[in-house]
Amino acid sequence: MKNTTIIIPTRLKAKRFPNKPLAKINNIPMILHTLNRGLESGVGEVYVATPDNEILEIVKKHGGNAILTGDHPNGTSRVFEAFKKIKNDNVDLIINLQADLPNILPSSISKLEKLMRESNSPIGTLASKLTKDEINDENVVKVEVETDLKEDSFLKAKNFFRIKKDLKNEKIYHHVGIYCFQSSQLKQYVELGESRQEKILKLEQIRLMGNIEIKVGYCDSNPLSIDTLEDLKRIEKEMS
C-alpha cells in the first residue's frame, strides 16, 4: 500500500521576516499551527524539516516529528533531504506544505492528495480566488491556467508570477503554498537545479515550467501566506 507524507520546510533566517516560524499567533508559534493543520488533514505522517535546533526542540516538545537538515537554497530541496532521511519505500506522494500557512484548511490538504491520486499527475498544487487588493501585491504569488478553476478542476499551470502588467482576460488565481510531488518527480525537481529566472523572480516553481507539468486544483478558502508583520496581525485576528 502506498502512503503520503507531509513535510513542512522551515528556517529562522528568512530575509523578509526573520524568526517567522516562531512568531506567535494566539500565544502559539506559527510552525505549530501549520503542523497541526497537517496532522488534522489525516493524509499521513507529518514532519517538520529545519536547519534550526530551536525549531526542532519546539516541535518535538509539542509531540511532533522533526528532522534536522543542512542549508538549502529553497524549501523543496530541504523537503527532499528530509524525505531521504525518512527512508520509507512505501511513500509515493510527498506534500510540501509551506510553514507560513497556519490557517490552511485540513480539507484543502486532503483534497490535493485526492486529486493527485485520481489523476496520477507528477506535481500538483492549489489556488484560490484572487481579490482586487491582491492583484498588484507582489507578496501574493499568482498562477495562470487555461480556463476557469472549478471545484473539481485539476488544470495545467501556464505560468507563475508576482506582478504582471496589462492583464486582460487571463485566468489568474491566488497561488496557495502547497505542493504534492510524486517521489520520482521530487528527485527530478532537485536535480534540475536553480534556474536564472527562478532567482530573478524568487519563485522556485518557475524551474518546473517546460520541464515537469504542474496541475492546479481549486481551494475554496483563501489561506494567507504570512510574509509581513501586518499579515501576522491580520491572521491573528482571523484565527482568534
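About the cut-offs
Residues numbered from 1 in each chain as written. Predicted model: local features only at pLDDT ≥ 70, side-chain atom pairs only at ≥ 80, totals over all residues. Heavy atoms only, no water. Helix = DSSP H or I, 4+ residues; strand = E, 2+ residues; numbered from the N terminus. Rg over C-alpha atoms; globule rule 2.2 N^0.38 Å. Buried < 20%, exposed > 50% of the residue type's maximum accessible area, 1.4 Å probe, protein only. Contact = heavy atoms within 4.5 Å. Areas by Shrake-Rupley, 256 points an atom, 1.4 Å probe, with all protein chains shown as cover. Salt bridge = Lys/Arg side-chain N within 4 Å of Asp/Glu carboxyl O. Axes fitted to C-alpha atoms, helices over the stretch in contact; angles between N-to-C directions. Parallel < 35°, antiparallel > 145°, perpendicular 65-115°, else oblique. Left-handed = near helix turned anticlockwise from the far one by under 90°. Nonpolar A, V, L, I, M, F, W, Y, C, P; charged D, E, K, R; others polar.

Chemist: Would you mind showing me how to read the overall build of the chain here?
Modeler: What the chain contains, in helices and strands, is 7 helices and 11 strands. Its C-alpha atoms give the chain a radius of gyration of 17 Å, near enough to 18 Å, the size a compact globule of 240 residues would have. Looking at the chain as a whole, 53% of its 240 residues are labelled buried. Nonlocal contacts in the chain, meaning residues at least 24 apart in sequence, comprise 72% of its contacts between residues at least 6 apart. Surface exposure of the chain reaches about 12100 Å², of which carbon and sulfur atoms provide 47%.

Chemist: Please explain the pattern of salt bridges as it appears in this structure.
Modeler: Side-chain pairing between opposite charges can occur once the charged atoms of the two side chains come close. According to the stated counting rule, one finds 14 salt bridges in the structure shown. R37 serves as the salt-bridge partner of E40, at 3.0 Å between the closest nitrogen and oxygen. Taken together, the residues span about one helical turn, with E40 and R37 both in helix α1 (residues 30–41) at a distance of 3 residues. According to the relative accessible area criterion, R37 is buried, its value standing at 14%. Notably, a salt bridge pairs K85 with E81, separated by 2.9 Å at the nearest N-O pair. With K85 and E81 both in helix α3 (residues 75–86) and 4 residues apart, this pair spans about one turn of that helix. Residue K85 is classed as partly exposed on the basis of its relative accessible area of 44%. Look at E81 and you get buried, because its relative accessible area is 16%. Through salt bridges that share partners, K20, D100 and D227 make up one connected network.

Chemist: Where do I start with the packing of α1 against helix α4 (residues 106–119) in this structure?
Modeler: The description of two helices packed together rests on the angle between their axes and the distance between the axes. Two numbers describe how α1 lies on α4: the axes approach to 8 Å, and their chain directions differ by 55°. Compared by their axis directions, α1 and α4 come out oblique. Relative to α4, the crossing made by α1 is right-handed. Between α1 and α4, the residues in contact are R37, G38, E40 and S41 and P106, I109 and S110, respectively. Residue composition of the contact of α1 with α4, by class: 2 nonpolar, 3 polar and 2 charged.

No statement about biological role is implied by the geometric values presented.
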